[in-house]
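# Chain and residue survey
For reference, the chains in residue letters:
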Amino acid sequence: SGLLSTPEPTLPTDNGQNSQESPLDPVLVDALNKPRERLFLLRLGNDIEKMIKTPSQLQMEVLTVTSYQRLIVHRAADHFGLSHVADSEGTRVYLGKTALTKIPSLKFAHVKMQEAEADEPAVAPPVAVQAQIQGVVK
């Protein structure tokens, strides 16, 4: 075992005999909740679907700017059952069709952006603020 562990791919667990699929990878869910990464992932998903639907296209190249984008591409490839290899410079990820490649029923565009958690207020409650202010003033 290496230093990095790779989570199980988000592929059907029954060879496509049932429409039930594993949940979406947490990295992809996180990316879909960030506007810039969401746009990147939605475009990537569309490009991957086009490749899968084109019988003569067996592979594609994805340009990435950040290591986070590379991570997103690798996890998205798992979601579609594609092989994925990064180049040595870390600027491209090559995706290829495999025997497990398919267009999953769960589309990235169907995942809605999550609201901020209700139990995690963006602003501290007034009582806590007053206590902090009183503690500083005294």
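A few points on the structure. (Residues numbered from 1 in each chain as written. Predicted model: local features only at pLDDT ≥ 70, side-chain atom pairs only at ≥ 80, totals over all residues. Heavy atoms only, no water.)

## A few points about the packing of aromatic side chains
Threshold: The pairing test for Phe, Tyr and Trp rings, Trp by its six-membered ring, is centres within 6.5 Å, and the orientation test on the planes gives stacked under 30 degrees, edge-to-face over 60, and tilted for anything in between. For helices the rule is a DSSP run of H or I covering at least 4 residues; for strands it is a run of E covering at least 2, with both sets numbered from the N terminus onward. Each residue is assigned to one of three classes by its accessible area relative to the maximum for its type, calculated with a 1.4 Å probe on protein chains only: buried under 20%, partly exposed between the two thresholds, exposed over 50%.
Using the criterion set out here, one finds one aromatic pair in the structure. Arranged with centres 5.8 Å apart and planes meeting at 85°, the rings of Phe80 and Phe108 form a pair that is edge-to-face. With Phe80 in helix H3 (residues 67–80) and Phe108 in the loop between strand E3 (92–96) and helix H4 (126–137), this residue pair connects regions lying 28 residues apart in the sequence. The residues Phe80 and Phe108 share a single accessibility class, namely buried.

## Looking at the pattern of salt bridges
Using the following cut-off: Salt bridges are counted wherever a side-chain nitrogen of Lys or Arg sits within 4 Å of a carboxyl oxygen of Asp or Glu.
Within the structure shown, the criterion is met by four salt bridges. Its salt-bridge partner being Lys107, residue Glu49 comes within 3.6 Å of it at the nearest N-O pair. Taken as a pair, Glu49 in helix H2 (residues 35–53) and Lys107 in the loop between E3 and H4 lie far apart in primary sequence, 58 residues in all. Since its relative accessible area comes to 15%, Glu49 is described here as buried. The partner of Glu61 in a salt bridge is Arg92, with the nearest N and O atoms 2.7 Å apart. With Glu61 in strand E1 (residues 59–63) and Arg92 in strand E3, the pair connects residues that are 31 residues apart, well separated along the chain.

## Side note on the side chain of Asp87
Quick note on the threshold: Two residue types count as positive, namely Lys and Arg, and two as negative, namely Asp and Glu; His and chain ends fall outside the count. Nitrogen and oxygen atoms within 3.5 Å of one another constitute a polar contact, given that in protein one can donate a hydrogen and the other can accept it, and given that sequence-neighbouring residues count only through two side-chain atoms. Only heavy atoms matter for contacts: two residues are in contact if any of them lie within 4.5 Å across the pair.
Inspection of the secondary structure assignment puts Asp87 in the loop between strand E2 (83–86) and E3. No salt bridge is formed by the buried Asp87; its nearest oppositely charged neighbour, Arg92, is found at 4.3 Å. At 2.7 Å, the side chain of Asp87 and the backbone nitrogen of Gly90 are in polar contact. Beyond its immediate sequence surroundings of up to four residues, Asp87 is in contact with Arg92 and Tyr94.

## Observations regarding the nonpolar core
To keep things clear, this is the line we draw: Among buried residues, the Ala, Val, Leu, Ile, Met, Phe, Trp, Tyr and Cys ones that are joined through side-chain atoms within 4.5 Å form a nonpolar core.
Within the largest apolar cluster, 23 residues are counted, with the highest numbers of intra-cluster contacts made by Leu41, Leu44, Ile48, Leu95 and Phe108. Looking at which element gives the most residues to this core, the answer is H2, with six residues. Other than its neighbours up to four places away in sequence, Phe108 contacts Leu24, Leu28, Leu32, Arg38, Leu41, Leu42, Gly45, Ala76, His79 and Phe80.

## Section: the environment of Leu82
On the secondary structure map, Leu82 appears in the loop between H3 and E2. A sequence separation of 15 residues divides Leu82 from Lys97, and the C-alpha atoms of the two residues are 5.1 Å apart. In contact with Leu82, not counting residues within four places along its chain, are Ile48, Met51, Ala77, Leu95, Gly96, Lys97, Thr98 and Thr101.

## A closer look at the sheet that holds E1
Strand pairs in the sheet, formed through backbone hydrogen bonds, run parallel or antiparallel to each other. Rules: DSSP bridges decide pairing: two strands pair if at least two such bridges lie between them. Between N-to-C directions, angles span 0 to 180 degrees; the directions come from axes that are lines fitted to C-alpha atoms, helices contributing only their stretch in contact.
Read across the sheet, three strands follow the order E1-E3-E2 without closing on themselves; strand pairing throughout is antiparallel. Strands at the two margins of the open sheet, each flanked by one partner only, are E1 and E2. On average, each strand axis in the sheet is inclined to that of its neighbour by 20°, with strand direction left out of account. By the bridge criterion, four bridges tie E2 to E3 in an arrangement that is antiparallel. Each residue of the ladder has a partner; that of Ser83, found in E3, is Gly96. Contacts between H2 and the sheet are confined to E1 and E3, with E1 contributing the most and set at about 165° to the helix.

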